[in-house]
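As a plain string of letters, each chain reads:
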Amino acid sequence: QVQLVESGGGLVRAGDSLRLACVASARSFTSYHMGWFRQAPGKEREFVASINKNGLTTYVAGSVKGRFTISRSNAKNTVYLQMNSLKPEDTAVYHCAAGAAASTLTKDYNSWGQGTQVTVSA
């Protein structure tokens, strides 16, 4: 397992941008595929974006396509989520995750961060 710490959340207005970061405490960061998920109050955790080990393959959910971008710096053990044109429905706790597959499914990730709150006002 790897320890993950997210940062960069906050309170913003609709249309604003935020960049989330997730730092991994793992010597073998390049061994992990990474993902971002979010969970709004009363809702299940949902997939947002994933990136493979070398950063060459990414996938984002349809609800954020064209607005969110996932990237990683293996030199810094960090994965990012750039969020543009934020909407009130993007409000949630955002979690990063590490696993053996760049998957849309929570079951494929075995390490999770505590999350960072993103709140978007209308």
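Residues numbered from 1 in each chain as written. Predicted model: local features only at pLDDT ≥ 70, side-chain atom pairs only at ≥ 80, totals over all residues. Heavy atoms only, no water.

Engineer: So what's going on with the environment of Val-60? Residues and values would help.
Structural biologist: Counting through the fold element by element, Val-60 comes out in strand β6 (residues 58–60). Note on Val-60: relative accessible area 16%, which makes it buried. Distance from Val-60 to Ala-40, taken between C-alpha atoms, is 18 Å for residues 20 residues apart in sequence. If near-sequence neighbours (up to four positions away) are discounted, Val-60 is found in contact with Phe-47, Val-48, Ala-49, Lys-65 and Phe-68. (Helix = DSSP H or I, 4+ residues; strand = E, 2+ residues; numbered from the N terminus. Buried < 20%, exposed > 50% of the residue type's maximum accessible area, 1.4 Å probe, protein only. Contact = heavy atoms within 4.5 Å.)

Engineer: Can you explain the packing of aromatic side chains? Please cite residues and give values.
Structural biologist: Scanning all chains against the criterion turns up 5 aromatic pairs. With a centroid separation of 5.7 Å and an interplanar angle of 75 degrees, the aromatic rings of Phe-37 and Phe-47 are classed as edge-to-face. Highlighted residues: Phe-37 in strand β4 (residues 33–39) and Phe-47 in strand β5 (residues 46–51), separated in sequence by 10 residues. Of the residues examined, Phe-47 reaches a relative accessible area of 11% and is grouped as buried. Aromatic pair Phe-37 and Tyr-109: ring centres 5.3 Å apart, planes at 80 degrees, arrangement edge-to-face. Note that Phe-37 is positioned in strand β4 and Tyr-109 in strand β10 (residues 109–112), a separation of 72 residues in sequence. Accessibility assignment for this pair places Phe-37 and Tyr-109 in one class, buried. Three or more aromatic residues joined by ring pairs form one cluster here, namely Phe-37, Phe-47, Tyr-59, Tyr-109 and Trp-112. The ring of Trp-112 has Arg-45 sitting right over it, with the charged end atom 4.8 Å from the ring centre. The ring of Phe-29 carries the charged tip of Arg-72 above its face, separated from the ring centre by 4.4 Å. (Phe/Tyr/Trp six-rings, centres within 6.5 Å; stacked < 30°, edge-to-face > 60°. Lys NZ or Arg CZ within 6 Å of the ring centre and 35° of its normal.)

The quantities given are spatial measurements derived from coordinates; they are silent on function.
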